[in-house]
Amino acid sequence: MKLLSLVFLTLLAWSQMVVGDHLTDMPLSMFRDGEFRIVGYALFALLLAIGAIMVAALRRANRAADAAVFAFVLALLMVVVATPSLNAWHEAGAALLLLTLFGYYAGRLVLARSSLLYFHLVMPLALTPLVGLGYGPWQKGIIVYLLLLINIHWHLFERNASQSRLPAGSAAAQRRRVVYVVEAGQAWRRRRRLGSTSCVN
């Protein structure tokens, strides 16, 4: 997951800085329409692989609702890949894809009562200066932001899954709290003089 995301970001950055300004202004889908169409298809292939990995991992973890959301997003991404850039189905699928992912993570932040919700909600507005360069830079900024959220989600998901897979006899599973009990009476005074306390595991 993280490696695929890194490759995607590296290829996207290369296409913006090295290939030329005409790709910088374009939405991601229009990368497929010109001289560097192989770059566009490679970027979409990476996104499809990332989506498929998320769906498979969530299904294995019996997270049916989350897996259904990502399966829907993956289906929308397939529609986007399979249709021409100026096609009505393409534009509707791309818009619904971004809205679905953005709304999904907004919902998760609401359920977690996280203060990061406000940051999440203003992110599209924070990227509006990119609109001055055209729709393409703003769209790619949103895609990079959502990809970052997916990787954070994946990291937390994998960490929790690895902790739940710890064997019962492992050191982490056997770790117990030590509770110190203060005992009143003669016995306590004697132990105090000896400089020791009793402890119960």
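Below, the structure is looked at part by part.

Glancing now at the overall build of the protein chain. Across its full length, the protein chain carries 9 helices and 2 strands. Listed by position from the N terminus, the elements making up the protein chain come as α-α-α-α-α-α-α-α-β-α-β. Expressed as a percentage of its 201 residues, the buried residues of the protein chain come to 37%. Counting only contacts in the protein chain whose residues sit at least 6 apart along the sequence, the fraction spanning at least 24 positions is 57%.

A separate point is helix α4 (residues 64-82). The first and last C-alpha atoms of α4 sit 27 Å apart over 19 residues, in line with the 27 Å expected at 1.5 Å per residue. For α4, the complete set of buried residues consists of Asp66, Ala67, Phe70, Val73, Leu74, Leu76, Leu77, Val80 and Val81.

A few words on the side chain of Gln139. Along the polypeptide, Gln139 turns up in helix α7 (residues 135-164). Residues within four places of Gln139 in sequence aside, it is in contact with Pro27, Leu28 and Leu98.

Turning our attention to the pattern of salt bridges. Under the counting rule described, the total for this entry stands at 2 salt bridges. Among the salt bridges present, the one from Asp66 reaches Arg63, with a minimum N-O distance of 2.9 Å. Overall, Arg63 belongs to the partly exposed group, its relative accessible area being 28%. The partner of Asp66 in a salt bridge is Arg108, and the shortest N-O contact between them spans 3.7 Å. Taken together, the residues span a long stretch of sequence, with Asp66 in helix α4 and Arg108 in helix α5 (residues 88-111) at a distance of 42 residues. Judged by relative accessible area, Arg108 falls into the partly exposed class, the value being 31%.

The rules we used
Note on numbering: residues in each chain are counted from 1, in written sequence order. Only residues with pLDDT of at least 70 get local features here, since the model is predicted, and only at 80 or more are side-chain atom pairs given and counted; chain-wide, interface and lining totals rely on the full set of residues. To get the side-chain values, all heavy atoms of the structure are used, and hydrogens and water are removed first. Elements are defined by DSSP. Helices are runs of H or I of four residues or more, strands are runs of E of two residues or more, and each kind is numbered from the N terminus. Buried, partly exposed and exposed residues are distinguished by accessible area as a fraction of the type maximum, computed with a 1.4 Å probe on protein chains only: under 20%, between the cut-offs, and over 50%, respectively. Contacts were defined at the residue level, with two residues in contact if any of their heavy atoms lie within 4.5 Å. Working rule for helices: expected span equals 1.5 Å times residues minus one. Each salt bridge in this description consists of a side-chain nitrogen of Lys or Arg and a carboxyl oxygen of Asp or Glu lying within 4 Å of one another.

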